[in-house]
Amino acid sequence: MATALVTGASQGIGACIAKRLAKDGFDIAVNHYPSEGDKAKAIEVAEECRALGVKAEIFAADVSKFEDCEAMVKAVKETFGSIEVLVNNAGITKDKLLARMSEDEYDAVIAVNQKSIFNMLKNVCSVMLKQKFGRIVNVSSVAGLYGNPGQINYSASKAAVIGMTKTIAKEYGKKNITCNAVAPGLIRTPMTDVLSDEIKAKMLEAVALKRYGEPEEIASVVSFLVSEDASYVTGQVIEISGGLSM
Ligand code: NAD
């Protein structure tokens, strides 16, 4: 049985991707931020995955910390024996216009959204290299493609994810490891629940389909990217935004 490791999988898009990949038949390593609240939610996600007939375990790690990622990847490898799929999904926002954003707010978002990808790739790619097989999907954002006022930290981190995706596709292609990114638009999750009604309405105006995306609509594209059907797809960024024009 192949194993998929999904970061930030205790809620939102990550939880949905974990459950979708379980439905596809992958054993699931559910990463969660090391807090009691995230752990409780991750336990539920793992239970839902197991109900679909696969193995699933939870793994605590703050993905912005290299040593946490190193320990987690080692534990996942020991538990499941292999890691065929890595989905780098964990992410945060700390939105403010540049004039008001502090250096700490900038650095925090870069650490979780960008440095974490390095931390995970560095540890997982060596496992995939030995297997001569790997499927990596990084979760970027439309903010990384087009920019967004109030998100200089977030846009920078998500644009970096795209550069990292294309680089890994080139570095590891000859080893049968693919690396792609998805760039979601406005998706209904706890991350977007906190936006003001005014901002939500303004953003929806720019969406051709005139509605939010659902986390399942991200998970289905990730499912494709890690499947045999996408065996010749690498270094790509798939925008999943309902036709957003920014
Ligand atoms: P969310 O806030 O619901 O979930 C984010 C998850 O990441 C949570 O489970 C959280 O605990 C985890 N996380 C945060 N920091 C972590 C850390 N240091 N270590 C481990 N886990 C950590 O948000 P979401 O909407 O589900 O977002 C998932 C991904 O999709 C993020 O990368 C986000 O930037 C991206 N995204 C979301 C949207 C959207 O509209 N919701 C749009 C574009 C991109």
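Residues numbered from 1 in each chain as written. Predicted model: local features only at pLDDT ≥ 70, side-chain atom pairs only at ≥ 80, totals over all residues. Heavy atoms only, no water.

## Re the packing of helix α3 (residues 66-80) against helix α4 (residues 103-131)
At step 1: Viewed as axis vectors pointing N to C, α3 and α4 meet at an angle of 30°, and their least axial separation amounts to 8 Å. Compared by their axis directions, α3 and α4 come out roughly parallel. Once α3 is placed against α4, the crossing between them reads as right-handed. Contacts from Phe66, Cys69, Glu70, Met72, Val73 and Lys77 of α3 reach α4 at Phe118, Asn119, Met120, Lys122, Asn123, Val124 and Val127.
At step 2: For the contact of α3 with α4, the residue count by class is 8 nonpolar, 2 polar and 3 charged. (Axes fitted to C-alpha atoms, helices over the stretch in contact; angles between N-to-C directions. Helix = DSSP H or I, 4+ residues; strand = E, 2+ residues; numbered from the N terminus. Parallel < 35°, antiparallel > 145°, perpendicular 65-115°, else oblique. Left-handed = near helix turned anticlockwise from the far one by under 90°. Contact = heavy atoms within 4.5 Å. Nonpolar A, V, L, I, M, F, W, Y, C, P; charged D, E, K, R; others polar.)

## A look at the packing of helix α1 (residues 12-23) against helix α2 (residues 36-50)
At step 1: Packing of α1 against α2 brings their axes to within 9 Å, and their N-to-C directions diverge by 20°. Overall, the two elements α1 and α2 adopt an arrangement that is roughly parallel. Where α1 crosses over α2, the handedness of that crossing is right-handed. Contact residues: α1 offers Ala15, Ala18, Lys19 and Ala22, while α2 offers Val45, Glu48 and Cys49.
At step 2: Along the lines of polarity and charge, the residues of the contact of α1 with α2 split into 5 nonpolar, no polar and 2 charged.

## With respect to the sheet that holds strand β7 (residues 237-240)
Hydrogen bonds between backbone atoms are what pair the strands of a sheet, whose relative direction is either parallel or antiparallel.
At step 1: An order of β3-β2-β1-β4-β5-β6-β7 is seen for the 7 strands of this open sheet, with the pairing classed as parallel. Strands with a single pairing partner mark the edges of an open sheet, and in this sheet they are β3 (56-60) and β7. Adjacent strand axes in the sheet meet at a mean angle of 20° when their direction is disregarded.
At step 2: Bridge count for strand β4 (residues 85-88) against strand β5 (residues 134-139) is 4 bridges, and the pairing is parallel. What sits directly across from Val87, in β5, is Val137.
At step 3: In the packing of α2 onto the sheet, contacts are made with β2 (27-32) and β3, and the angle to β3 comes to roughly 160°.
At step 4: The strands touched by α3 are β1 (3-6), β2 and β3; relative to β3, the strand with the most contacts, the crossing angle is about 160°. (Pairing = 2+ DSSP bridges.)

## What about the pairing of β5?
Sheet faces and side chains relate simply in a regular strand, where the side chains alternate between the two faces.
At step 1: Across the 6 residues that make up β5, a large majority, 6, are buried.
At step 2: Side chains Gly134, Ile136 and Asn138 of β5 all project onto a buried face; the interleaved residues Arg135, Val137 and Val139 project onto the opposite face, where all are buried too.
At step 3: Two elements, β5 and strand β6 (residues 177-184), share 6 bridges in a ladder whose sense is parallel. Within β6, the position partnered with Ile136 by the bridge is Cys179. (Buried < 20%, exposed > 50% of the residue type's maximum accessible area, 1.4 Å probe, protein only.)

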